Structures are given as C-alpha cells and as structure tokens.
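Close look at the chain arrangement
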Amino acid sequence: MAGTARRRTGEGSPETKSSLPLIAFTAALLVVGCTLSYVFFGEELSSQMETVDWTEVQGAIISSGIESDLSCDEEGGCSTTYRPYAEYRYDVDGESYEGSRITYTWGNTLVGFRSLAESVIDDFQEGDEITVYVDPDDYSESVLIQGLELKSLSFPLAVILPLV
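Residues numbered from 1 in each chain as written. Predicted model: local features only at pLDDT ≥ 70, side-chain atom pairs only at ≥ 80, totals over all residues. Heavy atoms only, no water.

Some points on the sheet that holds strand 3 (residues 95-99)
The strand order across the open sheet formed by five strands is 3-2-1-4-5, and the pairing between neighbours is antiparallel. On the outer flanks of this sheet lie strand 3 and strand 5 (138-143), each paired with one strand and no other. The average angle at which neighbouring strand axes cross in this sheet is 40°, direction not considered. This element, helix 2 (residues 114-121), spans strand 1 (55-72) and strand 2 (78-92) of the sheet and lies at about 10° to strand 2. (Pairing = 2+ DSSP bridges. Helix = DSSP H or I, 4+ residues; strand = E, 2+ residues; numbered from the N terminus. Axes fitted to C-alpha atoms, helices over the stretch in contact; angles between N-to-C directions. Contact = heavy atoms within 4.5 Å.)

In structure tokens:
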C-alpha cells in the first residue's frame with residue numbers, strides 16, 4: 001500500500017508562521033527608517049518639497065563636478081566621501097543670479113558612494129543649458145532638482161538604508 005503525503009496549508013501552517021517574523025521585521029525596519037529620515041532630514045525634506053511650486057527659468061552651468069574628502073582615523077584607516085557640486089547662472093526679470101544648490105537634501109553633505117554623487121551630477125555638466133527652479137518670493141533662492149525626485153532623495157536613502 002502506497003503512502004499518501006499530505007501538505008498542510010492555511011492558517012497556522014508552518015509556511016504561514018515562518019513569514020510572520022519576516023513581515024514584522026520588515027515593518028519595524030520601515031518604521032525605523034522613516035523615523036530616522038524625519039529626525040536627520042526633516043527640515044531638508046520639507047524645504048525640498050516646497051520647491052514643487054517654484055518658478056522655472058533657463059540657466060547655464062558654470063562649473064560642476066565631484067568634491068571629495070579623505071579622512072583617516074587614529075588607527076590609520078582612511079575613507080573617502082563625495083559630494084556633487086554645481087555652480088550655475090540664471091536670469092529673472094532682467095537680473096542675473098548665481099546659485100549652487102542642487103537640492104536641499106544634498107546640501108553640504110558628503111556620501112561614501114562616488115557613483116551616487118556622479119549619478120546626481122550627470123545631468124549638470126559645465127556649459128549645459130538647464131532649467132533652474134527659483135523661489136517666487138526670493139529670486140536668489142534656487143535649486144536644480146525640483147520636489148522629491150529620486151535624485152533629491154538619493155542622499156537621505158544612502159545614509160538611512162545602511163543604518164537600518
């Protein structure tokens with residue numbers, strides 16, 4: 001007589017029970033990540049979100065690139081961090097302005113991934129004609145990336161994900 005194997009499914013099965021800890025752990029990581037984002041980048045994210053209504057004007061990149069900083073600890077271990085930078089010129093109502101803010105979220109912060117900094121600056125090469133987003137209440141305030149696009153969030157994500 002041949003044996004018959006039965007597979008248990010449904011609530012309470014081993015398959016269901018084994019996925020619950022993973023779901024709980026993922027939810028906890030999401031909560032921690034959102035909390036850390038708010039604590040560390042709340043002001044920058046809020047400022048960046050406000051740019052969604054800013055005025056578009058034409059401008060030109062004066063210079064751009066990647067800044068790097070080498071730092072070494074007492075034990076001789078060294079690391080290099082990177083930050084994209086761009087200097088640009090734009091005109092509003094016949095007046096010329098210069099800016100250097102790519103996004104509020106990047107600010108003056110350095111990140112350990114050169115490729116991440118390069119991906120942000122790829123669209124802003126010296127001599128390029130670009131769109132600049134200008135604060136309608138203060139023409140001297142500007143950004144190159146408007147709102148919460150992936151490139152404006154790349155720095156907070158690069159910092160938060162390894163922490164989580």
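What follows picks up the thread again.
A few points about the state of the cysteines
In total, this model carries one disulfide according to the counting rule given. What pairs with Cys72 in a disulfide is Cys78, and their sulfur atoms sit 2.0 Å apart. Measuring handedness by torsion sign, the sulfur bridge of Cys72 and Cys78 sits at about 105° and is right-handed. (Disulfide = S-S within 2.5 Å.)

Some points on the nonpolar core
Of all hydrophobic cores here, the largest spans 16 residues; its most connected members are Tyr90, Ile102, Phe124, Val132 and Leu144. Every element with two or more residues in this core is listed here: strand 1, strand 2, helix 2 and strand 4 (129-135). Among the elements that take part in this core, strand 2 stands out by supplying four residues, more than any other. Aside from chain neighbours lying at most four places away, what touches Leu144 is Ile61, Ala86, Tyr88, Arg101, Ile102, Phe124, Ile130, Thr131, Val132 and Tyr133. (Core = buried A, V, L, I, M, F, W, Y, C linked by side-chain atoms within 4.5 Å. Buried < 20%, exposed > 50% of the residue type's maximum accessible area, 1.4 Å probe, protein only.)

Looking at the environment of Ile66
Structurally, Ile66 is set in strand 1. Given a relative accessible area of 22%, Ile66 falls into the partly exposed group. Leaving out residues up to four positions away in the same chain, Ile66 has contacts with Tyr82, Arg83, Pro84, Tyr85, Arg114, Ala117, Glu118 and Ile121.

Concerning the packing of aromatic side chains
Within the structure shown, the criterion is met by four aromatic pairs. Ring geometry for Trp54 against Tyr104: centres 6.3 Å apart, planes inclined by 80°, an arrangement best described as edge-to-face. Of this pair, Trp54 sits in the loop between helix 1 (14-50) and strand 1 while Tyr104 sits in the loop between strand 3 and helix 2, placing them 50 residues apart in sequence. Among the residues examined, Trp54 registers a relative accessible area of 11% and is labelled buried. On the accessibility criterion, Tyr104 (19% relative accessible area) is buried. An aromatic cluster is built from Tyr88, Tyr90, Tyr97 and Tyr139, whose rings are joined through pairwise contacts. (Phe/Tyr/Trp six-rings, centres within 6.5 Å; stacked < 30°, edge-to-face > 60°.)

Some details on the confidence of the model for the protein chain
With 64% of its residues at a pLDDT of 70 or more, the protein chain has an overall mean of 77. Scored below 50 in pLDDT, residues 151-164 shows 41 contacts in the model against residues more than four places distant or in partner chains. (pLDDT = per-residue confidence, 0-100.)

Quick notes on the pairing of strand 1
Judged from the six bridges that link them, strand 1 and strand 4 form a sheet pairing that is antiparallel. Bridging from a neighbouring strand, Gln58 pairs with Thr131 of strand 4. Bridge count for strand 1 against strand 2 is 13 bridges, and the pairing is antiparallel. Note that in strand 2 the partner of Ser63 across the bridge is Glu87. Linking strand 1 to strand 2, which pair antiparallel, is a turn of five residues; within it Gly76 sits at a positive phi near 95°.

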